[in-house]
Amino acid sequence: MPSMVSVPVATPPAQPAKCGAQSVQGHPRGRVCHMDASVLFEPGSTYSFVSSYFASYLDMPRGYLNIHFHVSTPIGDSIIVDHMYHPCVVTVGGYETRIDFLLLNMVDFEVILGMDWLSSCHAILDCHDKTVMLMMPRLPRLEWKGSVGHSPKVISFLKAQWMIEKGCLAYLAFVRDVSADTTTFDSVAVVR
């Protein structure tokens, strides 16, 4: 089992913090190793992950795991994880924490913060209100409020074709508005 940082070191920001809670609206973004990153808070994951693509920009060596992990994906596949980055600085709301990341080949997010990070930051997730609160000791509360909806992610045909060739699942959907008037054979004019 890899040695995970169980309690992150929280360093206050350079500017003095205001009293009370700090609130952030929309899709969570953070800084990982001093680079902006798209972040997923994932309480269903025991560990935290960094994407292969994002990791290629990290200016730090990756290490090998003594024990390989089999990570289950949402579509039921299993991916073997055998590399890690130790320790990485994760900055949220101006506060620096440290965590080990397992290297995972994923597309949608650059970083997944799992229970190892969430629990060490005393995170409270409220699914009904779509909020994530970090209640780190001796620091002001930091809260993310998710947006009601999000725009769909659109990719080009070439990107889709490349992803399918790499083994990604693809679905072709035919969507029809059932509330709209439908054309019948009787309504089509016939020329004789």
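Bear in mind the structure is a predicted one, so any value in this text is a computation, not a measurement. Sequence positions are assigned chain by chain, starting from 1 and proceeding in written order. Reporting of local features is limited, given that this is a predicted model, to residues whose pLDDT is at least 70; pairs of side-chain atoms are given and counted only at 80 or more, and all residues count toward the totals for whole chains, interfaces and linings. As a convention, hydrogens and water are excluded, and side-chain values are obtained from all of the structure's heavy atoms.

## A word on the overall build of the chain
Each helix and strand counted, the chain has three helices and eleven strands in total. Think of it this way: any DSSP run of H or I at least four residues long counts as a helix, any run of E at least two long counts as a strand, and we number them from the N terminus. Order of helices (α) and strands (β) in the chain, N terminus to C terminus: β-β-β-β-α-β-β-β-β-α-β-β-β-α. When accessible area is computed with a 1.4 Å probe and restricted to protein chains, residues below 20% of their type maximum are described as buried, those above 50% as exposed, and intermediate ones as partly exposed. In the chain, which comprises 192 residues, the share counted as buried stands at 32%. What makes two residues a contact is simply this: any of their non-hydrogen atoms within 4.5 Å. Contacts spanning at least 24 positions in sequence make up 59% of the contacts within the chain whose residues lie at least 6 apart. Carbon and sulfur atoms form 58% of the exposed surface of the chain, whose accessible area is close to 13300 Å². Accessibility throughout is a Shrake-Rupley quantity obtained with a 1.4 Å probe, and a residue counts as covered only by protein chains that appear here.

## Here we look at the packing of aromatic side chains
Think of a pair of aromatic rings as described by two things: how far the centres are apart, and how the planes are tilted against each other in angle. Pairing of aromatic rings covers Phe, Tyr and the six-membered ring of Trp, with a centre-to-centre limit of 6.5 Å; geometry is then stacked below 30 degrees between planes, edge-to-face above 60, and tilted otherwise. Scanning the model with the defined rule gives four aromatic pairs in all. Both rings, one in Phe 41 and one in Trp 117, keep their centres 6.2 Å apart while their planes meet at 20°; by these two values the pair is stacked. One end of the pair, Phe 41, is in strand E3 (residues 35–41); the other, Trp 117, is in helix H2 (residues 115–120), and 76 residues separate them in sequence. Classification of Phe 41 as buried rests on a relative accessible area of 11%. An angle of 65° between the planes, with centres 5.1 Å apart, marks the rings of Tyr 47 and Phe 69 as edge-to-face. With Tyr 47 in the loop between E3 and strand E4 (49–51) and Phe 69 in strand E5 (residues 63–72), this pair connects stretches of sequence that are 22 residues apart. Put simply, the rings of Phe 41, Trp 117 and Trp 144 touch in pairs and so form one group of aromatic residues.

## With respect to the pairing of strand E10 (residues 131–134)
Side-chain alternation along E10 places Thr 131 and Met 133 on one buried face and Val 132 and Leu 134 on a second face that is also buried. As paired strands, strand E9 (residues 123–126) and E10 are joined by four bridges and run antiparallel to one another. Bridging from a neighbouring strand, Leu 125 pairs with Val 132 of E10. The pairing criterion is simple: DSSP has to find at least two bridges between the two strands. Connecting E9 to the next strand, E10, in antiparallel fashion are four residues, including Lys 130 with a positive phi near 55°. Here four bridges tie E10 to strand E11 (residues 142–145), and the two strands are oriented antiparallel to one another. Bridged to Thr 131 within E11 is Lys 145.

## Notes on the pattern of salt bridges
Salt bridges are defined by distance alone: a side-chain nitrogen of Lys or Arg within 4 Å of a carboxyl oxygen of Asp or Glu. Counting across every chain of the model gives two salt bridges. Two residues, Arg 31 and Asp 36, come together in a salt bridge whose shortest N-O distance is 2.9 Å. Of the residues examined, Asp 36 reaches a relative accessible area of 47% and is grouped as partly exposed.

## Observations concerning the nonpolar core
Taken as a class, soluble globular proteins show a tendency for nonpolar side chains to be buried jointly. Within the largest apolar cluster, 28 residues are counted, with the highest numbers of intra-cluster contacts made by Val 50, Phe 101, Val 111 and Trp 117. At the level of elements, E3, helix H1 (52–55), strand E6 (78–92), strand E7 (95–104), strand E8 (111–113), H2, E10 and E11 are the ones that each hand at least two residues to this core. The contact partners of Val 111, leaving out residues within four places of it in the chain, are Val 32, Ala 37, Ser 38, Val 39, Leu 40, Phe 49, Val 50, Phe 54, Phe 101 and Met 106. Listed in part, the eleven residues of the second largest apolar core include Phe 49, Leu 102, Met 106 and Ile 112. Joining through side-chain atoms within 4.5 Å is the link that ties buried Ala, Val, Leu, Ile, Met, Phe, Trp, Tyr and Cys residues into a set, and such a set is a nonpolar core.

## Regarding unusual backbone geometry
Of note in this structure, Cys 33 is not a glycine but carries a positive phi near 50°. With respect to the helices and strands, Cys 33 occurs in the loop between strand E2 (29–32) and E3.

## Focus on the confidence of the model for the chain
On average, residues of the chain carry a pLDDT of 77, and 75% of them reach 70 or more. You can read pLDDT as the predictor saying how much it trusts each residue, on a scale of 0 to 100. Predicted confidence for residues 1–21 stays below pLDDT 50, and this span has 44 contacts to residues more than four positions away or in other chains.

## Some thoughts on the side chain of His 83
Inspection of the secondary structure assignment puts His 83 in strand E6. Owing to a relative accessible area of 11%, His 83 belongs among the buried residues under this scheme. Residues adjacent in sequence count toward polar contacts only when both atoms are side-chain atoms; beyond that, a polar contact is any pair of N or O atoms within 3.5 Å, and within protein one must be able to donate a hydrogen and the other to accept it. A distance of 2.7 Å separates a polar atom in the side chain of His 83 from a polar atom in the side chain of Asp 82. If sequence neighbours within four positions are ignored, His 83 has contacts with Arg 62, Gly 63, Tyr 64, Leu 65, Phe 101, Leu 102 and Leu 103.

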